[in-house]
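Descriptive analysis of the structure
Spelled out, the chains give:
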Amino acid sequence: MTVTPKISINNGNLVVHGKTILTGVPDNIVLTPGTGAGLLAGAFIGATASNSKSLHVFPVGTLEGLRFMCLFRFKLWWMTQRMGTCGKDLPLETQFLLVESKDETAEGEPDDAPTIYTVFLPLLEGQFRSALQGNEKNEVEICLESGDTAVETDQGLHLVYMHAGTNPFEVISQAVEAAEKHMQTFVNREKKKLPSFVDWFGWCTWDAFYTDVTAEGVEEGLKSLSEGKAPPRFLIIDDGWQQIGNEIRESNAVVQGAQFANRLIGIKENHKFQRNKKGENKNTVPGLKLLVDEAKQQHNVKYVYVWHALAGYWGGVKPAAAGMEHYDTALAYPVSSPGVMGNQPDIVMDSLAVHGLGLVHPKKVFSFYNELHAYLASCGVDGVKVDVQNIIETLGAGHGGRVALTRAYHQALEASIARNFPDNGCIACMCHNTDGMYNAKQTAVVRASDDFYPRDPASHTIHISSVAYNSVFLGEFMQPDWDMFHSLHPAADYHAAARAIGGCPIYVSDKPGNHNFDLLKKLVLPDGSVLRALLPGRPTRDGLFSDPARDGKSLLKIWNVNKCSGVVGVFNCQGAGWCKIAKTTRIHDTSPGTLTTNVSAADVDIISKVAGPNWGGDVVVYCHRSGELIRLPKEAVVPVTLKVLEFEVFHLCPLKEITSSISFAPIGLLDMFNTGGAVEQFDVKEESSNQAAFFDGEVASELTTPLSDIRAPSAIITLRARGVGRFGAYSSQCPLKCTIDGTDTSFEYESATGLMTLSLPVPEEEMYRWVIDIQV
């Protein structure tokens, strides 16, 4: 039997599922079908050259007239999204490409041909790394480079992996799983241990203090939040705690207090954190341990992380620093790839190119990490935020190239994390290069975008759109972290709502005393836990190829799921983005318009799995900001209209038919951003011994008395729920009785909408799950 490949080159065209994606494919392009489980639906693109070089640019074919979404590095550290329809729209340093293709239908004919989604993943092969880019002739090109002029090749057979199908989210997951099987150098997110801090509210010192952080400042911040009943249970002590040399003093090397050319001179905390009590020998108890112990014992912090750069500090480790001679550190001068140079210049690179970076020898870097992490662990630290990671790709000369050096550093880092932090305590940051992602076997949390910049008005809308689109790709490798934010800020609720549905850790970087506790109560439960959605938040399918930051007409819809419902957040992100001409993020529309879109159950891509078998397609929709509850028939939509920096969160709760006349759906904690995250379980037990009678009269909204004299109970609904406050559910008929943990409780019922509300008390235990029994 002959199997016709779904991806092939026919007459110079790259054809996917019968649809032409690229034309004019050159003769030196080689297509190798995938083999083995998971790879059969895909193919690898390779290329050959007439001579060996350390950098090749291979045209692959012409792309015209097809919508695409790509993720590219707009600067060394970070990706963002770009949409287009032809090859010249494809930016330098593209690391992920998704192309939409569908048959054109004649006017008046039904459009029943499936849309095909094709993903292109530029890979690592040997010592080389691939990226995609476009040229003015609308050709898609593969840029293949080693980062070391001594490392050359004249070919690569597995430079880009292609995979295609009819569901974009499934296609992307399948493509990354296939790449995992082929490369065997990384592990996908679902197989990794997620550190426990992600389910607790946190505070980071960065935007509160920048590098001026002190032990006293840390205590002040923890106390300030705890007193407002938003207790942080994890803490990140960011840049500013380490022993840093200050031999380099240069005004243009300083941004927000980060001294990019300075180097690490010791693995212990600096003088700002030495807090030994009077009369004690200064060598008795490290100041960092005192601070961590106080955070955990006095403020009930569960997890403390500290910051360090992948190279130790921004400028690396000082060569031959006292006590650090055995790391064989040497000055190295970073060299950016042409693709990065063609996008946004970087002040860190400018500084290091002049002063150099103290690079720990790759054979000694495990020793460096292990000694650093062992010391931190001895102080009670639970993990590290490892920043400035992509600098390593610029230092590959003399070390076998960028891929080899990055792999050596990541293997050493992960080995040290595994040895010293048993909860897999690591957050990867400034790390959006495929050199690192395709070498991450263990790291499970990744910062999803450039920083939250509290003082930059251009940054807020593009931040939300970037984290959502970047999560389409990053979320296959790790749990995306959508960054800290300020709770007291003009865009605070906008940022908070996005974090609440992003599936990400939720943490702020408030200055002590500068908090909006009314906002934080929508995110944080009294025990310091959060209602985290289950998946990485991603744009809905109908928005994958629209540009919600630049096109002036599209709203961003982000979907996710909880255990018993779906959630869609809608955000107006128009007006700002990265500009390829100015090579910076800027406002391009000072007065973006008011926009409208529709929300439906289909926006939650896997809602049928959440609903379970025998679901008819109907949902109830709870609108967080308006408080409306709408029963939505299958395929019906809810319109939403938003101005810039406005949002709404829709909770889509599948309706379960209890009997022919009673349908029910749990909603959750009505005052929380992620309302449905409070519902952990939903079970129905039919009362078969009783014949249900029907009650057709009016029911007063304040009615709390059982109706047993009118109709017998048909079923008992059991919910398991977390949290405190107003809990809501939809019932097509007024329930007869309600108990919480076996105790009768009053409830209210609105017959016009079917909304049933009750009040959950404050639980005495952390992460407590109430048992709510509702008789209908």
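Along each chain, numbering runs from 1 in the same order as the chain's sequence is written. In view of the model being predicted, local features appear only for residues whose pLDDT reaches at least 70, and side-chain atom pairs are presented and counted only at 80 or more, with totals across whole chains, interfaces and linings using the full set of residues. Only hydrogens and water are set aside; all other atoms, that is, all heavy atoms of the structure, feed into the side-chain values.

1. Notes on the packing of helix α7 (residues 365-378) against helix α8 (residues 402-420)
A pair of packed helices can be characterised by two numbers: the angle between their axes and the separation between those axes. An axis is simply a line fitted to the C-alpha atoms; with a helix, the fit covers only the stretch in contact. Between two such axes, the angle follows the N-to-C directions and lies from 0 to 180 degrees. Runs of E in the DSSP output that reach at least two residues are strands. Runs of H or I that reach at least four are helices, and both are numbered from the N terminus. Running from N to C, α7 and α8 cross one another at 30°; their axes reach a closest spacing of 9 Å. As the angle between them shows, α7 and α8 are arranged roughly parallel. Helix-helix and strand crossings are classified by hand; for α7 and α8 the assignment is right-handed. For the pair formed by α7 and α8, the contact residues are V365, F366, Y369, N370, H373, A374 and A377 on the first element and A408, Y409, A412, L413, A415, S416, I417, R419 and N420 on the second. Classes in brief: Ala, Val, Leu, Ile, Met, Phe, Trp, Tyr, Cys and Pro nonpolar; Asp, Glu, Lys and Arg charged; the others, Gly included, polar. The class makeup of the residues in the contact of α7 with α8 is 11 nonpolar, four polar and one charged. Oblique is the label for any angle not covered by the other classes, which are roughly parallel (under 35 degrees), roughly antiparallel (over 145) and roughly perpendicular (65 to 115). Crossing handedness is defined as follows: a turn of the near helix away from the far one that is anticlockwise and smaller than a right angle gives a left-handed crossing, while the clockwise case is right-handed. Only heavy atoms enter the contact rule, under which two residues are in contact if any of them lie within 4.5 Å.

2. Structural notes on the confidence of the model for the protein
One confidence number per residue, pLDDT, is output by the predictor and ranges from 0 to 100. Residue-level pLDDT values for the protein average 93, and 92% of them are 70 or greater. pLDDT under 50 marks residues 250-258. Its contacts with residues more than four places away, or in other chains, come to 18 contacts. In this model, residues 690-709 is a region of pLDDT below 50 whose contacts with residues beyond four sequence positions or in other chains number 32 contacts.

3. Some words on helix α3 (residues 215-227)
Between the first and last residue of a helix there are one fewer steps than residues, each counted as 1.5 Å, and that sum is the expected span. Under the 1.5 Å per step criterion, the end-to-end length of α3 is 19 Å for 13 residues, consistent within 8% with the ideal 18 Å. Considered for burial, the residues of α3 that qualify are A215, G217, V218, G221, L222, S224 and L225. Phi turns positive, to about 65°, at K229, one or two residues after α3. Exposure classes here rest on a 1.4 Å probe applied to the protein chains alone. A residue is buried below 20% of its type maximum, exposed above 50%, and partly exposed in between.

4. Things to note about the sheet that holds strand β44 (residues 737-740)
Only strands that DSSP links by at least two bridges are regarded as paired with each other. What the five strands build is an open sheet, ordered β41-β42-β48-β44-β45; its pairing is antiparallel. Edge positions in the open sheet fall to β41 (679-686) and β45 (743-744), since each of these has one partner strand only. In the sheet, β44 pairs with strand β48 (residues 769-775) via four bridges, with the strands oriented antiparallel. Bridge assignment links T739 to a residue of β48, and that residue is D773.

5. Notes on helix α6 (residues 347-355)
Since the α-helix advances by 3.6 residues per turn, residues separated by three or four positions end up pointing in the same direction. Listed as buried for α6 are V348, M349, S351, L352 and H355. Taken down its axis, α6 places every buried residue within 165° of arc, on the same side. Of the surrounding elements, those touching the buried residues of α6 are β22 (330-332) and β23 (357-359). Two residues or fewer past α6, G356 is found with a positive phi of approximately 80°. An arc is given here, and it is the one of the directions from the helix axis to the C-beta atoms.

6. Some words on the environment of H624
By the secondary structure assignment, H624 is in the loop between β35 (619-623) and β36 (629-632). Considering only alpha carbons, one finds H624 and W241, 383 residues apart in sequence, at a separation of 40 Å. Each residue touching H624, except ones within four places of it in the same chain, is listed here: K522, E648, V649, L670, D671, M672, F673 and T675. Among the polar contacts listed, one links the side chain of H624 to the backbone oxygen of M672, at a separation of 3.3 Å. Within 3.5 Å is the distance limit for a polar contact, defined as a pair of N or O atoms, with the added protein rule that one can donate a hydrogen and the other accept it, and that residues adjacent in sequence qualify only through two side-chain atoms.

7. A short note on the pattern of salt bridges
A pair is scored as a salt bridge if a Lys or Arg side-chain nitrogen falls within 4 Å of a carboxyl oxygen belonging to Asp or Glu. Throughout the structure, instances matching the rule amount to 29 salt bridges. Across the salt bridge formed by K296 and D382, the nearest N and O atoms sit 2.9 Å from each other. Of this pair, K296 sits in helix α4 (residues 287-298) while D382 sits in the loop between α7 and β24 (383-387), and the two are 86 residues apart along the sequence. A relative accessible area of 24% means that K296 is categorised as partly exposed.

8. Comments concerning the side chain of N420
Looking at the element boundaries, N420 is found in helix α8. Here N420 falls in the buried class, since its relative accessible area comes to 12%. Here N370 takes part through its side chain, which lies 3.1 Å from a polar atom of the side chain of N420. Every residue in contact with N420, bar those within four places of it in the chain, is listed here: N370, H373, A374 and A377.

9. Topic: the side chain of D547
Looking at where D547 falls in the secondary structure, it is placed in the loop between β29 (538-539) and β30 (556-561). The buried category is assigned to D547, whose relative accessible area is 10%. A distance of 3.0 Å separates a polar side-chain atom of D547 from the backbone nitrogen of A549. Of note is the side chain of D547, whose polar atom sits 3.3 Å from the side chain of R550. The contacts of D547, once residues within four sequence positions are left out, are M83, S554 and Q574.

10. Describing the sheet that holds strand β38 (residues 647-654)
A sheet is described by the order of its strands in space; here six strands give the open sequence β29-β30-β31-β38-β35-β36, paired in antiparallel fashion. Among the strands making up the open sheet, the edge pair consists of β29 and β36. Where β29 lies against β30, two bridges are found, and the strand directions are antiparallel. Paired with R538 across the strands is W559, a residue of β30.

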